[in-house]
Amino acid sequence: MPNLPTAPRVLPSRVRGDSVTSRDLDIVKIAAALVTAAILLAGLYYGRDILIPLAIAFLITFALNPPVTWFVRRGLPRLLATSLVMVTVVCALAGLGVILGAQVRSIAVELPAYQSTILTKLSDLRQNLKAPGFLDGVLRTVERLQKEVESKDTKPADGPVPQRVEIVPTPQTPFEQVFAWVVRSAEPLATAGIILIFVFLALLDIGDLRDRLLRLLGGNFHRSTDAIQEAGARISRYLLMQLLVNVSYGVPLAAGLWIIGVPGALLWGAVGAVMRFVPYVGPLIAAIFPVALAFAVDSGWSMLLWTVALIVVLELTSNNIVEPLLYGSSTGLSAIALIAAAILWTALWGPVGLILSTPLTVCLLVLGRNLPQLRFLATMLGSTPALDVPARIYQRLIADDADEAVEIASTEIEKSSIVSFYDEIGIEVLRLASEEYLQNASAEHRLRLASGMDTLLDDLKDQYPSSLSPEAKPRVLCIGGKWEIDALAGEMLAHALSFAGIAAASQPAASINADYLAKLDLKSADIVCLSYFTPNPAIPARHACRRLRRRWPNMRIVLALWNAPPELLTDESLAALKADAVVTSVDEAVRRIHRIVAPEEAKAAQQAPIPDNDAERVDALKATGVLEGDKREALDALAKRAADVFNTSLAVITTIDKDREYFVGQSGKLPNAITDDTGTLLPMDREHAICNYVVANEETLVVSDIERDPRFADNETIDQWNMRFYAGAPLRAADGLIIGALCILDSEPRALEENEVALLETIAADVVATITTSDAHGEASVKSPPAASSATVGQVVPR
């Protein structure tokens, strides 16, 4: 690759003095981990008589705690609520047992009547098997060989033939039989009693149990609390969904068997529902009973065939429709982890371990997600991909598997767009490549990366061509500043620009010297974009800009500094670099270049559109009466809470009228913003409001860095606030109309996780509830807008 820095020479491991010590430490850590795992597995195996009842009790506690909590929240004492739930469950199980027992007795009484049918069918099958067939010769040969082997093995030796002796046990007395039965039943009955007592005590004082578990987990209370809550939520949801799946299987099974005419349909439906708690083998075992009974009852074969067809249809429906619909990602476990966990827990605890395998593995997953020391468990067991998309594509490229890299890229593009892929994933792949370039990548890896990226980009251009004519002269020329990775980023940018209607071309990486400039053709180009991945691009970028300026004084220069430090993104640095703009992402580059090429068109395209139901939305806003300011104190308190929760400089609650944005709640004062004497923000034009995009798109908007988003970076009103981060959640009224937004702002760039976005939307729902709450007299809060607007609500912003 041209113009690539030479990797520093790495000394052999025998020369580096610290490598032996490091390797020894790694071996010790691995050995310690293996010994610890062996001890834990041995403890689980030999302590199963104690651990299994405890695990079952905890599982039942998870299942019964929600109804107990429901009764307690409605004023019932916890002792009474726990007793009520326990008695209800025991009575329900006892009643079900009585009903199923009656079914069993009925079937047992009728079994002798089925004997003749069974014998007749077996006789027919035997006759059919004895009929001549094409395998008869093979079977006779096998039988002859078997007899020959047996005759040699059983040939008597010299001497007398040993006599067969049968030991007949002494018949037990009735008392001994009863005593033996009691001894065999005592252990499971005692275990069941211990489980019930433990469940009752755990439900009665679950708060103390939670506190003790928090103390055992130790460390960060926030992390431990999240772990317990996540485990409880996942296991409770899993049990509920498992119950719904089993019922949705058992009820149709019982109804179908009853229609077919299989005796004991209710019994077999209940058995089918219960046995589905046993993963994998439970449904197979449950199917044996109705199939065998259908074989025994009907003199023909129709009942058997209908029964088998019913079970097959229910299994396919449950496995492919009901379970994916209800389960979703409730457990968070991967399919391989579920199978491996079932094998492991079955080997340790037998059939009970198979039943408990999923809840127990969920607990291990939650510990791995929340405890750094056990993070490997989340990697091994979780359904979340171990590598993010950029890392997966990079790994496939250096593994010389460009086809799979293209497949991954195509899958991600289908979820969004080609421009979003370049912005969020493509540049990240190149950023990862630049970081690994001199540290770990070998020469072969670099070659695979270069050729793989060429294949990837060529395929993407073929799959997603732009609407521009191939003969269109490029108005933008993207040049790689130093490395080939820089040129690949420029190629991505050129392709992305074509979707904005801007013809662009890319050039290989090269040093911007006099010879290179003499060969460069810029007759049709208006803009040159220089791409740099180096973390220190100031010197080469400044030299390149100066040379370009000397040769083409009127040329617009955009610097794409993908890894630039923050100090290079200021206006002062931009002036020193002699460039017209600096961008750090593909999306920013497309928007910025669009504004340079066609300012009015870009401004119009980047404005928030007016919703089709805007008139209805404005009427709904006025109907709330929030513009009168009666709820100001409560809304200020909610804004303050949002700012505290997200630890941001400011939070505001805004409403969007036909032409204006009104601030109906705020957490604090902005020193540079336009406010009244009390520090309350004055209204601003709707077209200048970021929240207008929230209203237009009807979804949460997160702007990690306002200065890097061309839609807002040039907004003078927003610039007065000196804010860099914005996140706004829509205020959605009961009829679905968006009347405003709850916004959090900060002076430093930042990002929000998915769970934080969901939390912001939850607080926004609280804001809507406050806005739409009726007044103290119970009258509906539907009021007309004020005749004379106050400074807070209606005063015009000074120009």
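Residues numbered from 1 in each chain as written. Predicted model: local features only at pLDDT ≥ 70, side-chain atom pairs only at ≥ 80, totals over all residues. Heavy atoms only, no water.

### Structural notes on the overall build of the protein
Next up, step 1: Check the secondary structure of the protein and you find 30 helices and eleven strands.
Next up, step 2: The buried share of the protein, reckoned over its 799 residues, is 40%.
Next up, step 3: For the protein, restricting intrachain contacts to residue pairs at least 6 apart in sequence, the fraction spanning at least 24 positions comes to 71%.
Next up, step 4: Within the structure as shown, the protein displays about 45000 Å² of accessible surface, and the carbon and sulfur contribution to it stands at 60%. (Helix = DSSP H or I, 4+ residues; strand = E, 2+ residues; numbered from the N terminus. Buried < 20%, exposed > 50% of the residue type's maximum accessible area, 1.4 Å probe, protein only. Contact = heavy atoms within 4.5 Å. Areas by Shrake-Rupley, 256 points an atom, 1.4 Å probe, with all protein chains shown as cover.)

### Considering the pattern of salt bridges
Where charged atoms from two side chains of opposite charge come close, those side chains can pair.
Next up, step 1: Within this structure, the stated rule accounts for 22 salt bridges.
Next up, step 2: One salt bridge in this structure joins Lys 415 and Glu 412, with 3.4 Å as the shortest N-O distance. Note that Lys 415 and Glu 412 are positioned in helix H16 (residues 402-415) at a spacing of three residues, about one turn of the helix.
Next up, step 3: Judged by relative accessible area, which is 16%, Glu 412 ranks as buried.
Next up, step 4: Of the charged contacts in the structure, one is a salt bridge between Arg 475 and Asp 526, with a shortest N-O distance of 2.8 Å. Residue Arg 475 is found in the loop between helix H18 (443-463) and strand S1 (476-480), and its partner Asp 526 is found in the loop between helix H20 (514-519) and strand S3 (527-532); the two are separated by 51 residues along the sequence. (Salt bridge = Lys/Arg side-chain N within 4 Å of Asp/Glu carboxyl O.)

### Observations regarding unusual backbone geometry
Next up, step 1: Non-glycine residue Asp 400 carries a positive phi angle of around 65°.
Next up, step 2: As for its placement among the helices and strands, Asp 400 is situated in the loop between helix H15 (389-398) and H16.
Next up, step 3: We note that Glu 698 has phi near 55°; this positive angle belongs to a residue other than glycine.
Next up, step 4: Looking at the secondary structure, you find Glu 698 in the loop between helix H27 (691-697) and strand S9 (701-703).
Next up, step 5: By relative accessible area, Glu 698 is classed as partly exposed at 35%.

### Here's the deal with the nonpolar core
Next up, step 1: One finds Ile 393, Tyr 422, Met 453 and Val 586 to be the most contacted residues of the largest nonpolar core, which totals 50 residues.
Next up, step 2: Take this core: its biggest share by element is nine residues, from helix H17 (residues 418-436).
Next up, step 3: Beyond its immediate chain neighbours, meaning those up to four positions away, Met 453 contacts Leu 397, Val 429, Leu 430, Leu 488 and Met 492.
Next up, step 4: Of all hydrophobic cores here, the second largest spans 30 residues; its members include Ala 639, Ile 653, Tyr 662 and Phe 725. (Core = buried A, V, L, I, M, F, W, Y, C linked by side-chain atoms within 4.5 Å.)

### Description of a nonpolar patch on the surface
Next up, step 1: A cluster of nonpolar side chains, Tyr 280, Val 281, Ile 285, Ile 288, Phe 289, Ile 339 and Ile 343, forms an exposed patch at the surface whose accessible area comes to about 660 Å².
Next up, step 2: Per-element accounting of the nonpolar patch gives the leading share, three residues, to helix H10 (residues 282-297).
Next up, step 3: Tracing the chain through its elements places Phe 289 in helix H10. (Patch = residues over 30% accessible without salt bridge, like charges linked within 9 Å, V, L, I, M, F, W, Y side chains within 5 Å.)

### Points about the sheet that holds strand S11 (residues 738-746)
Next up, step 1: Across the sheet, six strands lie side by side as S8-S7-S6-S11-S10-S9; this open sheet has antiparallel pairing. With partners counted over all chains shown, the strands left at the sheet margins are strand S8 (684-685) and S9, one partner each.
Next up, step 2: In the sheet, S9 pairs with strand S10 (residues 725-732) via three bridges, with the strands oriented antiparallel. In the strand pairing of S10, Leu 701 is matched with Gly 728. (Pairing = 2+ DSSP bridges.)

### Some words on the packing of aromatic side chains
Next up, step 1: Following the criterion strictly, the structure yields ten aromatic pairs and no others.
Next up, step 2: Between Trp 268 and Phe 289 the ring centres are 5.6 Å apart and the planes differ by 0°, which places this aromatic pair in the stacked class. Separated by 21 residues along the polypeptide, Trp 268 in helix H9 (residues 265-275) and Phe 289 in helix H10 bring together distant segments of the chain.
Next up, step 3: With centroids separated by 5.2 Å and ring planes inclined at 55°, the aromatic side chains of Trp 345 and Trp 349 adopt a geometry described as tilted. Of this pair, Trp 345 and Trp 349 both sit in helix H12 (residues 335-349), four residues apart, which is roughly one turn of the helix.
Next up, step 4: With relative accessibility at 7%, the residue Trp 349 sits in the buried group. (Phe/Tyr/Trp six-rings, centres within 6.5 Å; stacked < 30°, edge-to-face > 60°.)

### A short note on a positive patch on the surface
Next up, step 1: A surface patch of like charges, here positive, comprises Arg 546, Arg 547, Arg 550 and Lys 578.
Next up, step 2: Examined against the element boundaries, Lys 578 turns out to sit in the loop between helix H22 (571-577) and strand S5 (581-583).
Next up, step 3: Accessibility expressed as a relative area gives 44% for Lys 578, which makes it partly exposed. (Lys, Arg positive; Asp, Glu negative; His and termini not counted. Charge placed at Lys NZ, Arg CZ, Asp CG, Glu CD.)

### Here's the deal with the pairing of strand S7 (residues 660-666)
Next up, step 1: By the criterion of burial, S7 is predominantly enclosed, with seven of the seven residues buried.
Next up, step 2: Bridge count for strand S6 (residues 650-656) against S7 is five bridges, and the pairing is antiparallel. From the neighbouring strand, Val 652 faces S7, where its bridge partner is Gln 666.
Next up, step 3: Across two bridges, S7 lies against S8 in antiparallel orientation.

### Section: the packing of H17 against helix H19 (residues 484-498)
Next up, step 1: Relative to each other, H17 and H19 sit at 180°, their axes nearing to 10 Å. In this view, H17 runs roughly antiparallel relative to H19, as classed from their interaxial angle. On H19, the residues touching Ile 418, Val 419, Tyr 422, Gly 426, Ile 427, Leu 430, Ala 433 and Ser 434 of H17 are Ile 485, Leu 488, Ala 489, Met 492, His 495 and Ala 496.
Next up, step 2: In terms of residue class, the contact of H17 with H19 is built from eleven nonpolar, three polar and no charged. (Axes fitted to C-alpha atoms, helices over the stretch in contact; angles between N-to-C directions. Parallel < 35°, antiparallel > 145°, perpendicular 65-115°, else oblique. Nonpolar A, V, L, I, M, F, W, Y, C, P; charged D, E, K, R; others polar.)

### What to know about the confidence of the model for the protein
Next up, step 1: In the predicted model, the protein carries a mean pLDDT of 81, and the fraction of residues at 70 or more is 86%.
Next up, step 2: Here helix H5 (residues 136-153) is the element of the protein with the lowest mean pLDDT, 64, and S10 is the one with the highest, 93.
Next up, step 3: In this model residues 1-20 is a low-confidence stretch, pLDDT under 50, and it forms 25 contacts with partners more than four residues away in sequence or in other chains. (pLDDT = per-residue confidence, 0-100.)

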